[in-house]
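# Survey of secondary and tertiary structure
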Amino acid sequence: MTSASLDDFVVALYRELGDRAAFDARLDPAVTVWETPWPTLMRGIAELDELRGPAVAPEDRAEPLPEVRPVEIVSDDFGAGTGLVRYVLEVRDPADGRLLERVRVTDVLRHGDEGWRIVHHHAQDLPADGAN
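- You'll find the protein chain entered in an unreviewed UniProt entry as Nuclear transport factor 2 family protein, with Agromyces soli given as the organism.

As structure tokens, this is what we get:
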């Protein structure tokens, strides 16, 4: 595996954001998650769903999802099926492209029979204006 395959993985992950099943297929079932708005470590997809809420089918959405795109991707494939990806998510208004939110992310991944899967996700909100 190469670092480029990890870059491709994270870009594809956020392309599938509107499809909960496809997105979750890239998560290890026992994934651990740190998110800014949640006070404790989430363990597993069921706990993550407590933060995300119920999945909404694309045809049932009243408004389009914001555009979410990873930028500034830095990835390392350490071999033995272990990878690390760091990036900033830019969340943009789907109507006018205005930057709404920025999130600093670190994902730890393992590669197995089903490909890369995120085993730990750590996200921290940043100011939308680019100041760190």
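## Comments concerning the overall build of the protein chain
- Of regular secondary structure, the protein chain possesses three helices and six strands.
- In the protein chain, the order of α-helices and β-strands from amino to carboxyl end is α-α-β-β-α-β-β-β-β.
- Taking 2.2 N^0.38 as the reference for a compact globule, 132 residues should give roughly 14 Å; the C-alpha atoms of the protein chain span a radius of gyration of 15 Å, in line with that estimate.
- With the principal axes as the frame, the protein chain shows a C-alpha extent of 45 × 30 × 30 Å.
- The buried share of the protein chain, reckoned over its 132 residues, is 32%.

## Some points on the packing of aromatic side chains
- The tally for this structure, following the rule as stated, stands at two aromatic pairs.
- Ring centres of Tyr14 and Phe23 lie 5.9 Å apart, and the angle between their planes is 70°; this geometry places the pair in the edge-to-face category.
- Classification of Phe23 as buried rests on a relative accessible area of 11%.
- Measuring from centroid to centroid gives 6.0 Å for Tyr14 and Tyr87, while their planes differ by 65°, and the two rings are edge-to-face. One end of the pair, Tyr14, is in helix H1 (residues 3-15); the other, Tyr87, is in strand E4 (residues 82-92), with 73 residues separating them in the sequence.
- A relative accessible area of 9% means that Tyr14 is categorised as buried.

## Remarks on the layout of surface pockets
- In this model, the largest pocket occupies a volume close to 830 Å³.
- Surrounding the largest pocket, 29 residues form its lining, Tyr14, Leu17, Phe23, Arg52 and Val68 being those nearest its centre.
- For the lining of the largest pocket, the secondary structure elements donating two or more residues are helix H2 (20-24), strand E1 (27-34), helix H3 (45-52), E4, strand E5 (99-112) and strand E6 (115-126).
- Here the element with the most residues in the lining of the largest pocket is E6; it accounts for four residues.
- When its residues are assigned to classes, the lining of the largest pocket shows 21 nonpolar, two polar and six charged.

Conventions we followed
Just so you know, the residues in each chain are numbered from 1, in the order the chain's sequence is written. Only residues with pLDDT of at least 70 get local features here, since the model is predicted, and only at 80 or more are side-chain atom pairs given and counted; chain-wide, interface and lining totals rely on the full set of residues. In computing side-chain properties, one takes all heavy atoms of the structure into account and sets aside hydrogens as well as water. By the criteria applied, helices consist of DSSP H or I runs no shorter than four residues and strands consist of E runs no shorter than two, each listed in order from the N terminus. Both definitions apply: the radius of gyration is a C-alpha atom measure, and the globule rule equals 2.2 Å times residues to the power 0.38. Type-normalised accessible area, obtained with a 1.4 Å probe on protein chains alone, sets the label of each residue: buried when under 20%, exposed when over 50%, and partly exposed for intermediate values. Each Phe, Tyr or Trp ring (for Trp, its six-membered ring) is paired with any other whose centre lies within 6.5 Å, and the angle between the two planes then decides the class: stacked below 30 degrees, edge-to-face above 60, tilted in between. Lining residues are those with an atom within 4 Å of a point, where the points come from a 1 Å grid over the protein atoms alone and group into cavities, where a 1.4 Å probe fits but cannot get out, or pockets, open sets with protein on both sides within 12 Å along at least five of seven lines. Grid points are joined across faces, edges and corners, and a volume is the space filled by probe spheres set on the points. For this classification, the nonpolar set comprises Ala, Val, Leu, Ile, Met, Phe, Trp, Tyr, Cys and Pro, the charged set comprises Asp, Glu, Lys and Arg, and every other residue, Gly included, is treated as polar.

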